Structures are given as C-alpha cells and as structure tokens.
Amino acid sequence: MRRLFVGVLLATMPLAIFADATSTRFQITFSIEDIQSPVFSAKGIQLKVSGKKLSQLSLQISEVVVREQTWRDLKMTCDHFKLTGSLVDCTSGVLQLPNTELLPVVFRYSFLENVFNFAMKPMANEHWQFSMHWIEDAWRNKLNITNGQLARIAQWLPKMEIIPVPSKGTVNGIAKLSGNAEGATDVEIALLVDALDFSDSSGLHAGEGVNAVINMNAKHSSIDNRWQWRSDINWQNGGVFWQPLYLIGRGHRLDLEGVTSEGTINLHRGALSFVDIGTFEFSGVMARQNNELVDFKLNTNSLELSVLFNQIINPYLGNTAFADMQVTGKSKVAWRYRQGVSESFEISLYDVSVVDQRKRFVFNRVNARVPWHKENATIADISFLNARVLQIPMGATRVALEINDNDLRIPQLVLPVLDGTLELENFRAARQIDGWYWQFSAELLPVSMEKLTEALQIQSMHGTLSGIIPEVNYKQSTVAIDGELSFNVFDGEVIARQLKLIDPLGFAPHLQVDLSMHNLDLDLLTRTFSFGNMLGRIDMEMKGVELSNWQPIKFDAHLYSSSGTYPRRISQAAIQSISALGGAGAAAAIQRSFLHFFDEFSYSKIGWRCALRNNVCRMGGIEPDDQTGKLKGYAIVESGGIPAITVIGYNRDVSWHELINRLKRITEGGSPIIQ
Amino acid sequence: MKNIYFYAGLVAFVSLLLSACVTINIHFPAAAADEAADKIIKKVMQ
Amino acid sequence: MSNQIFRLMLLLFFAMVSQASFASGNIEIDTPAISQIEKSMQQRYSQLVPFYTSGAVGFTQDGLIAMHDANAVSLAERQMVNSLIAAENQDRNSLYLEIARANNNLAWEVEIRHTFGQRWIKLAKLGWWYQATNGGWVQK
C-alpha cells in the first residue's frame, strides 16, 4: 500500500512540472496520463497547486476504475493547503463526486509520522474518518464512521440496475484493515446499521427500516497462506422483501466461522437462527475455482413448522397444489452432501398436522422418520392418527416405507377407511423425469354405504361398497384404476369400470368412469329418495360418465327393467314424480284425470335414457331413439295388467340444471299433494 | 366411354374420401373464441 | 352408372362439407368446472383491481398476469401481491385447459390462451399495463 503511494508520487514528478512564471502567483501542475495497479487504475489525473505560498490545491481525475466499477470526473479543491518537506496538509478541502453535493474534507499526510488522515464531514453530526499509519512494512488502515448516511453510498456507487442500493439509513462503526508488504493480514469490522431502506430498481429485492449489527474479523496466516475468519450478523428489526420471501427482523442471527485457503473455502461452523422457527447448523467446503459446493452438512434443531411453512416454504410453492396448506407441528432435518453429490437426507416429523384449505386432504398427528441414503436402502416409519382425503375419513395408520434411492415401496398397508379397510399391496412409486409414477393393487373390504354417503354429504344410501382392484396407477397426474370396483347397493350391484381420475389435486379434478348397475331394488331406491313408491328391479348402464369438479358434464345413461320375474307395481305418487320431471303441467293433468282414483298400477317395462352433452340431457324412453323423427313421444312406463298406465314423455331436451332442480323438488318435497 | 367416366368417377371419389379425411380436422373457431373469451372476461370483471 | 356415381359423390361432398362447418362453429364454455373457475376469478378480481390501476400488476401476452412494478406496492404487501398473481395465474391456466377440454380438443389450449391474452389486453381499462409482443411494458 505504502509502496504504491510513494511510487505514484515519484511517478508524477518527472512528468510535467511547470511553473507559470507570467502570473504573479505560482502555479505548479502535475499531470499523469495513466496509472495502472492491480487494485485500481486511473486516467487523466491533474494536480494543480497555486495561490500565495502555494496554498491552493486542485485535483482532478477524469476516470478511476476499481474492479469493474468506474467513476468519472472526480474533483477536489483545497483552499488552505500546506506543502512542506514533511507534511501535506489540507484543513478545508472540498470533494466533488459526480451527481453529489460538495463534501467538506480534511486531509493530512505526514512523511515524518508515517500517517495519512482523511476526514469527511458532509453534515453536522456525520463523520467519515479514514487513517493510514505505517512503520517499515507494516501498515494499518482504519475507517471510523459516525452517523454515516447510507444513501451517500448509493450516490458514490455507479448506477447499476440489479444491485439493491440503500436510499436511507445510517451506519456507525469501525472497519480496520492492517497488513505488511505482502498484503493484508487483519480485518476487523464492527458496524451498526440503523433504519436502512434499500431497493433494486425492480423493487423485488428491497428492505425497509432494517436494523442490524454486523461483526466480522479475519486473520491471515502467511505460513500456509490462509484466512481465518468469523462473522456474525444480527438482524434485529425491519422488513425485507427478497422475491418471493418477505421476512421481518426479529433478532435472527447468522454466525459463520471458517478458513479460506488458496483453493477452498472451508466453513467450519455456520448457524442461522430464525426466531420463531429454530436453528439451522451447517458446515461445508466450497471450491473457489468454480464456486461449487463440494461438501455440505446441515442439521436443524426442532423447527416450528407453522412459521417455517408460512414464511419460507409456501412462497416458493406459488403455483402448485400444495400452496393452500396449513402445516403445524415440529420437524428436524439433516442433510449430507459429499464430493458433489447428496449422500443422505433425513426428515423427522413430530405431531405434524397438514390441513388443505381447499378441503382436499387433512392429516392429523403425523409422526415420521424418513431417512434416505444414496447407496443403502432405508426404511421410513410414517404414522398418522387420522386423515381425510377427498372427504373420506381414514383411521390410525402406520406405514413402513422402503426407500431405495428414487424407488419407494410399501409391501403391505392396511388403511382403516370408514367402517371398512383398504388393504394396499405392492405399492411402488418412482420419480421420473416427467414427474411421479406410482401403482398398487388393493382390496377394499366392505364399507357401509350409509357411512360413505354421510361422509360425502350426499343422499343417504344403504348397502356396502367393496372390491378387488388389480391395479391402481398414477402417471402424468392421472390416477387410473384397472379392474372393477363393485358397490352392493339397493340389493343390487353397481360396477365401476375404466375409472380414471385426472388431476386429482388440481383445481378442477376430472373423473371418467363407466357404470353398470344390475338388479337394483326399486322399492329400496324409491323409498331412499322419497320418490314415490315403486316395486320392481332395474338395470342401468352409464357409459362415458365424465365429472368435472365432481359435477357430471357428459354421460350416456340407459335405465331399464331388469330381466326376470318380480312384482312390477308403480304408485300414484311415483307416477306424479315421473311426470313432474317432464314439467309441472303433466303432473297437474294426471291429477285432473280419473287416474287419481287409483293408488297403484302395474307396468310391464320401465325405460329411460339420458344423453348428457353441454348441459343438456337428451331424453329417451324404453325404445332406442327414433331417428326418423316420426314419433313425437317416448314411452317411459309401459302398461301391463290392470289398472294399466303408460307414461309417455314428449320433452326431448331438458337442461341438466333444470332436471336436477326438479328432482330435488320432488325428493325433498315428498309426494306431490293431490287436491 | 362410359368406362372412362366410371374410372374417373372412382378416382375422384377415392380422392374425395382422402381429402375428406383431412377436412375432418376441426379448425379453431377464432371468431367464436374471441366472443367466448369476451364473455368470460366481462363476467370476471363485473 | 357414372351419373349415379357423380350424384353420390356430390351428396357425399355436401354431407362432409356441412359436417366440417358444423363442427367449427362454436366454443363451449358452459361447464361446471369453467363456471367454478370464473367464480373464483371474479372474487379475486376486486382484490387485483387496485394493483392493475397502480401499475404493480399487468397483463402478459400469454393470457396471464405478472408483476410489472413492485415499487408501486408497499413492502409488506408485495408478497401478498405475489400470491395473488400466483393464484390468478393458476386459475387462468386451468381455465384455458378446461375450455380446451370442454371442446374435446386439448390441442386448442395454446390458441385459447393466445385469444385470451389478446382479449384481456383489449378489455383492460385505461391506465392499466400490459406486456407488448416485444416483451416491453405498455400503459393503456
């Protein structure tokens, strides 16, 4: 440092000294075209000393470059300038940097004492004091800041769009740098930043009212050419938005300690303490050549998940299905990264609850230890007290999950579902380039329909639901069920085939299924829905059923009397209900006719069809649709026996909403009143 | 002569069938889409 | 005989032409999923309007919205605006996909998105910001 300084002074002398003899005053001008040094370079330097006793100094530098930053047109003048054999002294100078107000400066350079002092006092209580002192090869620099206005730094720095620059705030403290001929050996920084506002031009990295204490020291050892350093930052106050995080200083601390040698940065001990969350302790090694992490080790204490999730994890989940979760409980994480690859990872959960705000899933009291190792297979132990997925409750479950690198397996799992159980076998999951794949086979042991309908909050039904599912698989966000799910309801059977659930956790899940129903007992059915009593049995085929967000948008349904012998009777109330489906007028017409004298009729066949497309149900009856258009009506109930009745529908197209509303009115209101 | 008409007809018929396969591609109804988009956007912006 | 074939051809031709034109007439937007998304977007719209007006948020060419000027929002609110944008974009993405799905033509999603991108900008109020085709932001 000193050598450079003296070198520069010497360099200036022979270049251009000329005294302006024509003037009454003396003027000496030094000018230097160019200075190059490893630390900085400067161009167009002009130093003028003039006035009586050479008491006026003016220094102009047209360009200074430090690293990649450039300052242009720096000016300094000094009215009370003293230049003697042993002293350069300026007691009232003015420094002018581009685009800033004039800064009063004082400086003194004593050849005898080996001291250079520089002080700047931009405002009454603001003080920047720099001193440099040297003996032989050893030198000491010290910067003392009192109420330094941080906004000034922004003015000094060249304009750069991406770097956040301070606009407000003060800094107090000391920075010391000392060394010898070989370079710096000691660094000591203790700063207190107060009420700092900063922002980059986009506003995506900004802070307001930030208070922080920064301490740092580093020592160089010349024997092995290493820097040993330690720093701690305590962020006490103020908010910072660092896209997408918004954090408020509440005494969070970052402590770092390590050694930097020629090739590597070795972090011996790092600790990040987040108030309300917990502490992350880490250490690691980074290669300096490419700034790549070589080794890393992270351990946490018991972390408070609610705050961690809300403040730090959730902002990164922005567009995913998991952004609407509420997570509570505690967690511990450990991670080892060695020789450039992850070696092991372990996460433990303690009494964690996960609640989806959109009510798609809830898991309560989850306890888990999930280890992963690059080379060895591990077994994770996961349990929960209860859960609810798509409204269906599940009981206490404990799973042993085998993890083999990216391959997950559960040989067997018993899930209590409602009053039955779902037994999963050979669950396998793997993560591939285009997302997760998983599959399993399962057996559903009878679940009562009463419980299921209650859970789904739909019309209560009796019967059971059970089935053997050869394979359920998930790929490209679609769950597909291979095989048949059979429900035993209304003394008959409902079989679901080709079941596909697209985007189950997405905003609008899509469900596709083919349903076949056989031998449903009309008596039970009509009683359940208070439709008006009917005796008999029906089959129903529903092909290509498509639900979007659990609402039907497409299907081809055909309902017809089952084959076989059984009593076929239809009550007056049921006739009314069927007619009411066709509109209010039809029901009234029946009431006016002689038909209302009879309570019951017999029938030979019932048939109804509905092809739902674009919210319109195109209805038909017992016979397939007549394409010729000659027949206006379609028979829904065909007569048989005495008293006989035939119901013919004339409305072909009914809005689905309207049809559902009519059904609701009929089933909620009980049988229509006969006047 | 009649034969020639017949073959010409057949060729035309087959080529029509082929070209018909191409025309089955449903073109994006841009005008209808504009209208549909406006309808939804106006509903959202109420 | 050839006459009959010509007649047949003519008939077939008309049958096909009419079918093709029939299929390309309309766009289905009336499904439960679409109306659910509309409802969700409708509810969010009033929250977004102040940010459209202040220029904090603007419309992009691909039918989504994005942060245009974060400085127009107080620091504490920026994250909230971020999540509003994320939620709105999630809805918009689902909307475009659902419309394609409702029309049994998933390949249309790109064109639907493009159409919406244009229409949102067209129907945006004066003073609101949008991203031009060259990527630069423009005030209406």
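Residues numbered from 1 in each chain as written. Chains lettered and ligands numbered in written order. Predicted model: local features only at pLDDT ≥ 70, side-chain atom pairs only at ≥ 80, totals over all residues.

### Focus: the interface of chain C and chain A
- In this assembly, 22 residues from chain C lie in contact with 23 residues from chain A.
- Listed by contribution, the elements that provide at least two residues to the side of chain C that touches chain A are α2 (32-54) and α3 (75-102) of chain C.
- Element by element, the count of residues in the side of chain C that touches chain A is highest for α3(C), at 12 residues. (Contact = placed C-beta atoms within 7 Å. Helix = DSSP H or I, 4+ residues; strand = E, 2+ residues; numbered from the N terminus.)

### Points about the packing of helix α2 (residues 30-44) of chain B against α2(C)
- One can describe the packing of α2(B) onto α2(C) by two numbers: an axis separation of 8 Å at closest approach and a directional angle of 45°. The angle between α2(B) and α2(C) places the two elements in the oblique class. Together, B:Ile40, B:Lys43 and B:Val44 of α2(B) and C:Glu38, C:Met41, C:Gln42 and C:Tyr45 of α2(C) make up the contact between the two elements.
- Of the residues assigned to the contact of α2(B) with α2(C), the class counts are four nonpolar, one polar and two charged. (Axes fitted to C-alpha atoms, helices over the stretch in contact; angles between N-to-C directions. Parallel < 35°, antiparallel > 145°, perpendicular 65-115°, else oblique. Nonpolar A, V, L, I, M, F, W, Y, C, P; charged D, E, K, R; others polar.)

### Quick word on unusual backbone geometry
- Here A:Gln243 and A:Pro244 are connected by a cis peptide whose omega angle stands at 0°.
- One non-glycine residue, A:Asp276, lies in positive phi territory at about 80°.

### Here we look at the confidence of the model for chain C
Residues and elements named next belong to chain C.
- Taken as a whole, chain C shows an average pLDDT of 83; of its residues, 82% reach a score of 70 or greater.
- Per-residue pLDDT, averaged within each element of chain C, yields its smallest value for helix α1 (residues 2-23) (43) and its largest for strand β1 (residues 57-59) (96).
- Per-residue pLDDT stays below 50 along residues 8-24; that stretch engages in 14 contacts with residues further than four places along the chain or on separate chains. (pLDDT = per-residue confidence, 0-100.)

### Here's the deal with the nonpolar core
- Counting 47 residues, the largest nonpolar core has A:Ile570, A:Ala574, A:Ile578, A:Ile636 and A:Val637 as its most contacted members.
- In this structure, A:Ala574 is in contact with A:Thr526, A:Phe531, A:Gly532, A:Asn533 and A:Met534, ignoring residues within four places of it in sequence.
- In terms of nonpolar packing, the next biggest core, distinct from the first, is built from 36 residues, B:Ala33, B:Ala37, C:Ile37 and C:Tyr96 among them. (Core = buried A, V, L, I, M, F, W, Y, C linked by C-beta atoms within 7 Å. Buried ≥ 20, exposed ≤ 12 C-beta atoms within 10 Å, placed from the backbone.)

### Considering the pairing of strand β7 (residues 87-96) of chain A
Residues and elements named next belong to chain A.
- With four bridges connecting them, strand β5 (residues 69-78) and β7 associate as antiparallel partners. Each residue of the ladder has a partner; that of Met76, found in β7, is Leu95.
- Two strands pair when backbone bridges link them, and strand β6 (residues 81-83) and β7 are joined in this way by three bridges, in the antiparallel orientation. The residue bridging Leu83 from the neighbouring strand is Val88, located in β7. (Pairing = 2+ DSSP bridges.)

### Quick notes on the sheet that holds strand β2 (residues 65-67) of chain C
Residues and elements named next belong to chain C.
- With mixed pairing, four strands are arranged side by side in an open sheet as β2-β1-β3-β4. Two strands bound the open sheet, and with one partner strand each, they are β2 and β4 (137-139). On average, each strand axis in the sheet is inclined to that of its neighbour by 40°, with strand direction left out of account.
- Pairing of β1 with β2, which is carried by three bridges, proceeds in the antiparallel orientation. Counted as the bridge partner of Gly58 is Ala66 from β2.

### A few points about the domain arrangement of chain A
- One can read the domain layout of chain A as domain 1 (121-250) and domain 2 (490-669).
- Distance from the C-alpha centre of domain 1 of chain A to the C-alpha centre of domain 2 of chain A: 78 Å. (Domains from an automatic or database assignment.)

### So, the environment of A:Asp523
Residues and elements named next belong to chain A.
- In this structure, Asp523 sits in helix α5 (residues 522-528).
- Note: C-alpha distance between Asp523 and Asn533 (10 residues apart in sequence) is 6.2 Å.
- Leaving out residues up to four positions away in the same chain, Asp523 has contacts with Asn533, Met534 and Leu535.

### A short note on the confidence of the model for chain A
Residues and elements named next belong to chain A.
- Per-residue confidence for chain A averages 86 on the pLDDT scale, and 91% of its residues sit at or above 70.
- A low-confidence stretch, residues 1-23 (pLDDT under 50), is modelled with 21 contacts involving residues beyond four sequence positions or located in other chains.
- Overall, residues 670-675 carries pLDDT values under 50, and its contacts beyond four positions in sequence, including any with other chains, amount to 10 contacts.

### Focus: the pairing of strand β23 (residues 341-356) of chain A
Residues and elements named next belong to chain A.
- As paired strands, strand β22 (residues 325-338) and β23 are joined by 13 bridges and run antiparallel to one another. Residue pairing across strands places Val333 opposite Ile347, the latter belonging to β23.
- The antiparallel hairpin formed by β22 and β23 contains two residues in its connecting segment, where Gln339 sits at a positive phi of about 50°.
- Where β23 lies against strand β24 (residues 361-373), nine bridges are found, and the strand directions are antiparallel.

### As for helix α3 (residues 305-317) of chain A
All names here are of chain A.
- Between its first and last C-alpha atoms α3 spans 15 Å; for 13 residues at 1.5 Å apiece the expected length is 18 Å, and the helix comes up short by more than 12%.
- Every buried residue of α3 is listed here: Leu305, Leu308, Phe309 and Asn314.
- Packing partners of the buried residues in α3 comprise β21 (303-304), β22 and β23. (Expected span 1.5 Å × (residues − 1).)

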